[in-house]
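Residue-level structure breakdown
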Amino acid sequence: MENDYLEMNNTITYDSSTNKRLRNPSYAQSLAQDAVQRCYSDPSVSVQYLECRTIIGLGPGRSGSRSLSELLSFQMNVVHCEHEMIVPRLFPRSRSGHIIVEGPDRTEDVHQQNKQQGQPRNKQVKGSWGADRRLEWDVPKLARGEPSRSNEDQALWRVLRLLEQRHVFNRWVNDYYHRIKRVDDYNADGNNMGNPKKLGTKGWREYNNATNCDESNQQQKQIHLCNADKPKSPNTNPTEASIPIIATVSSVGLAYTHEYIALDTSVKILILLRPCEEVVASFMTKSRGRNHWQKHIHAKSKEEVKVQRDKTWDNAFPNMSNSECQEVMVAAAIDNNTRTSTNEQHHSRPEKIWAIRAYCKLYKEVANQLAQHYPDNVRVYDMHSALNDAHVQFELLKWCGIDEPLVDTCLHLNKKK
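Presented here is an overview of the structure given in this document. Residue numbers run consecutively from 1 along every chain, following the written order of its sequence. Restriction of local features to residues with pLDDT of at least 70 applies here, the model being predicted, together with a cutoff of 80 or more for giving and counting side-chain atom pairs; totals for whole chains, interfaces and linings are based on all residues. Excluding hydrogens and water, the side-chain figures rest on all heavy atoms present in the structure.

1. Considerations on the overall build of the protein
The following threshold applies: A run of DSSP states H or I qualifies as a helix once it reaches four residues; a run of E qualifies as a strand once it reaches two. Both are numbered from the N-terminal end. For every residue, the accessible area obtained with a 1.4 Å probe (protein chains only) is divided by the maximum for its type, and the residue is called buried under 20%, exposed over 50%, and partly exposed between those limits. Here, residues are in contact when the closest pair of their heavy atoms is within 4.5 Å. The Shrake-Rupley method, run with a 1.4 Å probe, gives the accessible areas here. Residue values count only the displayed protein chains as cover.
Each helix and strand counted, the protein has 15 helices and 5 strands in total. Out of the 417 residues belonging to the protein, those deemed buried represent 46%. Once local pairs closer than 6 in sequence are excluded, the contacts in the protein between residues at least 24 apart make up 75%. Of the roughly 22000 Å² of accessible surface on the protein, 48% is carried by carbon and sulfur atoms.

2. A look at empty space enclosed by the protein
Rolled over the atoms, a probe with the dimensions of a water molecule shows which regions are left empty. Heads up, the rule is: Of the two site types, the cavity is a set of points on a 1 Å grid over the protein atoms alone where a 1.4 Å probe fits but cannot get out, and the pocket is an open set with protein on both sides within 12 Å along at least five of seven lines, each lined by residues with an atom within 4 Å of a point. Grid points are joined across faces, edges and corners, and a volume is the space filled by probe spheres set on the points. Polar here means any residue other than Ala, Val, Leu, Ile, Met, Phe, Trp, Tyr, Cys and Pro, which are nonpolar, and Asp, Glu, Lys and Arg, which are charged; Gly is therefore polar.
Going through the model one piece at a time under the given rule, you end up with 3 cavities of 30 Å³ or more. By volume, the largest cavity is sized at about 140 Å³. Class assignment for the residues of the lining of the largest cavity results in 8 nonpolar, 6 polar and 3 charged. Of the voids in this model, the second largest cavity is the one considered here, and its volume is about 110 Å³. Within the residue set of the lining of the second largest cavity, elements represented by two or more residues are β1 (53-58), α6 (151-178) and α9 (257-263). Looking at which element gives the most residues to the lining of the second largest cavity, the answer is α6, with 4 residues. Classifying every residue of the lining of the second largest cavity by side-chain character gives 7 nonpolar, 2 polar and 2 charged.

3. A few points about the pairing of β1
The side chains of a regular strand alternate, residue by residue, between the two faces of the sheet. Going by this rule: One requirement defines pairing of two strands: DSSP has to find at least two bridges between them.
In terms of burial, β1 is largely enclosed, as 6 of its 6 residues are buried. The alternating pattern of β1 places Arg 53, Ile 55 and Gly 57 on one face and Thr 54, Ile 56 and Leu 58 on the opposite face, and all of these are buried. Strand direction decides the pairing type here: β1 and strand β3 (residues 245-250), joined by 6 bridges, are parallel. Looking across to β3, one finds that Ile 56 is bridged to Thr 248.

4. Focus on helix α3 (residues 25-41)
Note that an α-helix has 3.6 residues per turn; residues three or four places apart therefore point the same way. Put simply, the test is: Given the number of residues in a helix, its expected span is that number minus one, multiplied by 1.5 Å.
When the terminal C-alpha atoms of α3 are compared, their 24 Å separation across 17 residues agrees well with the 24 Å that a helix rising 1.5 Å per residue should span. Taken together, the buried positions of α3 are Pro 25, Tyr 27, Ala 28, Leu 31, Ala 32, Ala 35, Val 36 and Cys 39.

5. Topic: the nonpolar core
Note the threshold: Definition of nonpolar core: a set of buried residues of the types Ala, Val, Leu, Ile, Met, Phe, Trp, Tyr and Cys, connected through side-chain atoms within 4.5 Å.
Counting 66 residues, the largest nonpolar core has Leu 163, Ile 269 and Ile 271 as its most contacted members. Looking at this core, the elements with two or more residues in it are α3, β1, α6, α9, β4 (268-273), α10 (276-286), α11 (322-335) and α13 (352-373). Per-element accounting of this core gives the leading share, 12 residues, to α6. Residues in contact with Ile 269, not counting those within four places in the same chain, are Ile 56, Leu 58, Thr 257, Tyr 260, Ile 261, Asn 377, Val 378, Arg 379 and Trp 399.

6. So, the packing of aromatic side chains
Given two aromatic rings, their pairing is described by the distance between the two centres and the angle made by the two planes. The cut-off we apply is this: What counts as a ring pair is set by centres within 6.5 Å for rings of Phe, Tyr and Trp (its six-membered ring), and what kind of pair is set by the plane angle: stacked under 30 degrees, edge-to-face over 60, tilted for all other angles. By definition here, charges over rings are those cases where NZ of Lys or CZ of Arg is within 6 Å of the ring centre and within 35 degrees of the ring normal.
Counted according to the given criterion, the structure contains 9 aromatic pairs. Judged by centre distance (4.9 Å) and plane angle (70°), the rings of Phe 283 and Trp 293 are edge-to-face. Taken together, the residues span a long stretch of sequence, with Phe 283 in helix α10 and Trp 293 in the loop between α10 and α11 at a distance of 10 residues. With respect to burial, Phe 283 and Trp 293 carry one shared label: buried. Ring geometry for Tyr 359 and Tyr 363: centres 5.7 Å apart, planes at 75°, overall edge-to-face. Here the residue Tyr 359 and the residue Tyr 363 both occupy positions in helix α13, the gap between them amounting to 4 residues, near one helical turn. On the accessibility criterion, Tyr 359 (0% relative accessible area) is buried. The structure contains a cluster of three or more aromatic residues connected by ring pairs, namely Trp 137, Phe 283, Trp 293, Phe 317, Tyr 359 and Tyr 363. Arg 357 extends its terminal NZ or CZ atom over the ring of Trp 354, reaching a point 4.6 Å from the ring centre.

Below, the structure written as structure tokens:
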């Protein structure tokens, strides 16, 4: 299978290994399933079962993801929804990036261990807040001199990151049932902040209402575990409506789709797509002075455009290779009945706008392939229809397993003013 995978992609060079993997869903699925089995068979890896159902919202960016997050947070079954979620790194790692096996307590938060031992927090933030704790499009490279990760090791790294995310999901569910107001443990200096964790309007409303509830009513609620090996089909369990739902919305989650499904075959993944040129225009305005879609190079002359590195968002997008950009340029030239010069195709570096167009093309193709490959788990919606059409929005929420959908066609968050 791997030989077929390599032969199919030998005409295009990739700067991102994830781009190459995502273009072959069968191979990516086998990698994810093998990595999950490695985790289950490894006694040193403590795999937590999900105490909730999950909804994963995806989109290439500038495509209504924040509005989708707000829409999901309003639903009665959803106890927490996070946009561009931060995933703390719970598994200890060496400086070379390898996971350190430390027995059955391996999943304990390293920061909490340091706190108990009186040690200061190890600062690993690469950029602005949360830069070292967001999901990344490509698996980080190991330290200089270390061998590169194999495809199997990269899949295992992605599965472990999702298991770390699962810890946060279960914590949110436990907080919801036990009515505990969570606080952020530390600030950047390692001191206890004592500030409440961001809950949003709906979260605080639920928290304030919960404080007036009877403790006896809280004890009657049960947490139904969603077994990753034995998923529950919709409408087969009469108490399924009482199972809490956790939702998270981002763009980088597309790179983890196969691992999400391999870990939990009941997960629902929504992908909002927007016309390419609208996304490109919005990104060109939003990312002035930055370039998240191409490798950063040193400017050799004053005429070359200098861009600033963004250590928070550069890792959340793929590096589009010159050949991927040129493929889009040739297709656009054919559509416009124009010709691209030989120098433009083979020698000069494509401009950022072509890298964004190549990224949108990749995102759309992969999203449609995933919807065909996982019809029970993945669905693709047009952004304008999903946010503005009440019938489409109602059907979208019902498919996610929300029994009494709350439709709102007036959500237009993060809209350019």
